[in-house]
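Take a look at the letters that make up each chain.
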Amino acid sequence: MEEDDVEKLLQLALTPDSKAIQAAEEKLKELTKTPRGCGLLLQVLRGSRNSPTRQLAATLLRRHFPKVWTDVPPGDRTAVKAGLVDLLARDEDDEVRSAISILAAALTSSE
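If you're wondering where the values come from, they're calculated on a predicted model, not measured in any experiment.

## Examining the overall build of the chain
And then number 1: Looking only at helices and strands, one finds six helices and zero strands in the chain.
And then number 2: For the chain, the sequential pattern of α-helices and β-strands runs α-α-α-α-α-α.
And then number 3: Over its C-alpha atoms the chain spans a radius of gyration of 13 Å, differing by no more than 12% from the 13 Å that the globule rule assigns to 111 residues.
And then number 4: On the principal axes, the C-alpha backbone points of the chain span a range of 40 × 30 × 20 Å.
And then number 5: Taking all 111 residues of the chain together, 38% fall into the buried category.
And then number 6: Summarising the internal contacts of the chain: among those between residues at least 6 apart in sequence, 61% fall at separations of at least 24.
And then number 7: If you sum the accessible surface of the chain, you get close to 6400 Å²; carbon and sulfur atoms cover 50% of it.

In structure tokens:
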């Protein structure tokens, strides 16, 4: 699965179609069980032009990334935290910034 696939799943999860939401949620649940999957969500959080998609990525990361955080090498953890700080400064959407700050707090408290 690649970044574009993950972004499509997130967008599908935001549609009004309950069957599509359920299918997307099942795939996202599996994705978030690994550091690689969380890394893909981070890429979407950094690169998507769609604010609701970025907000959902941050929310999913807040819920699931702390569970695999200890599996992430220390150098990568530092890079992730620095990247989140950069995103806080760059993102123009208040709701996305709020979700990112909550994610950063969750990761920091997981250490």
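The discussion continues.
## A look at the nonpolar core
And then number 1: Formed by 30 residues in total, the largest nonpolar core has its most connected members in Leu10, Leu41, Leu45, Leu61, Phe65 and Leu84.
And then number 2: For this core, the secondary structure elements donating two or more residues are α1 (3-13), α2 (18-31), α3 (35-47), α4 (51-68), α5 (74-90) and α6 (94-109).
And then number 3: With seven residues, α4 is the single largest residue contributor to this core.
And then number 4: Sequence-distant contacts of Leu61, defined by excluding residues within four places in its chain, comprise Cys38, Leu41, Leu42, Leu45, Pro66 and Leu103.

## Re the packing of aromatic side chains
Given two aromatic rings, one states the distance between the centres and the angle between the planes to describe the pair.
And then number 1: The tally for this structure, following the rule as stated, stands at one aromatic pair.
And then number 2: Ring plane angle 80° and centroid distance 5.1 Å describe the contact between Phe65 and Trp69, whose orientation is recorded as edge-to-face. Of the two residues, Phe65 and Trp69, both sit in the buried class.

## Concerning the packing of α3 against α4
And then number 1: Viewed as axis vectors pointing N to C, α3 and α4 meet at an angle of 155°, and their least axial separation amounts to 9 Å. Between α3 and α4, the angle is such that the two are roughly antiparallel. Both α3 and α4 take part in a crossing whose hand is left-handed. Side by side, α3 and α4 meet where Pro35, Cys38, Leu41, Leu42, Val44 and Leu45 of the first sit next to Thr53, Arg54, Ala57, Ala58, Leu60, Leu61, Phe65 and Val68 of the second.
And then number 2: Here the residues of the contact of α3 with α4 sort into 12 nonpolar, one polar and one charged.

## Some points on the packing of α3 against α5
And then number 1: Where α3 contacts α5, the two axes come as close as 11 Å, and the packing angle between them is 25°. The angle between α3 and α5 falls in the class roughly parallel. Crossing of α3 over α5 shows left-handed handedness. Only Val80, Leu84, Leu87 and Arg90 of α5 make contact with α3, whose side of the interface consists of Leu42, Leu45 and Arg46.

Conventions we followed
Residues numbered from 1 in each chain as written. Predicted model: local features only at pLDDT ≥ 70, side-chain atom pairs only at ≥ 80, totals over all residues. Heavy atoms only, no water. Helix = DSSP H or I, 4+ residues; strand = E, 2+ residues; numbered from the N terminus. Rg over C-alpha atoms; globule rule 2.2 N^0.38 Å. Buried < 20%, exposed > 50% of the residue type's maximum accessible area, 1.4 Å probe, protein only. Contact = heavy atoms within 4.5 Å. Areas by Shrake-Rupley, 256 points an atom, 1.4 Å probe, with all protein chains shown as cover. Core = buried A, V, L, I, M, F, W, Y, C linked by side-chain atoms within 4.5 Å. Phe/Tyr/Trp six-rings, centres within 6.5 Å; stacked < 30°, edge-to-face > 60°. Axes fitted to C-alpha atoms, helices over the stretch in contact; angles between N-to-C directions. Parallel < 35°, antiparallel > 145°, perpendicular 65-115°, else oblique. Left-handed = near helix turned anticlockwise from the far one by under 90°. Nonpolar A, V, L, I, M, F, W, Y, C, P; charged D, E, K, R; others polar.

None of the figures reported here should be taken as evidence of function without further support.
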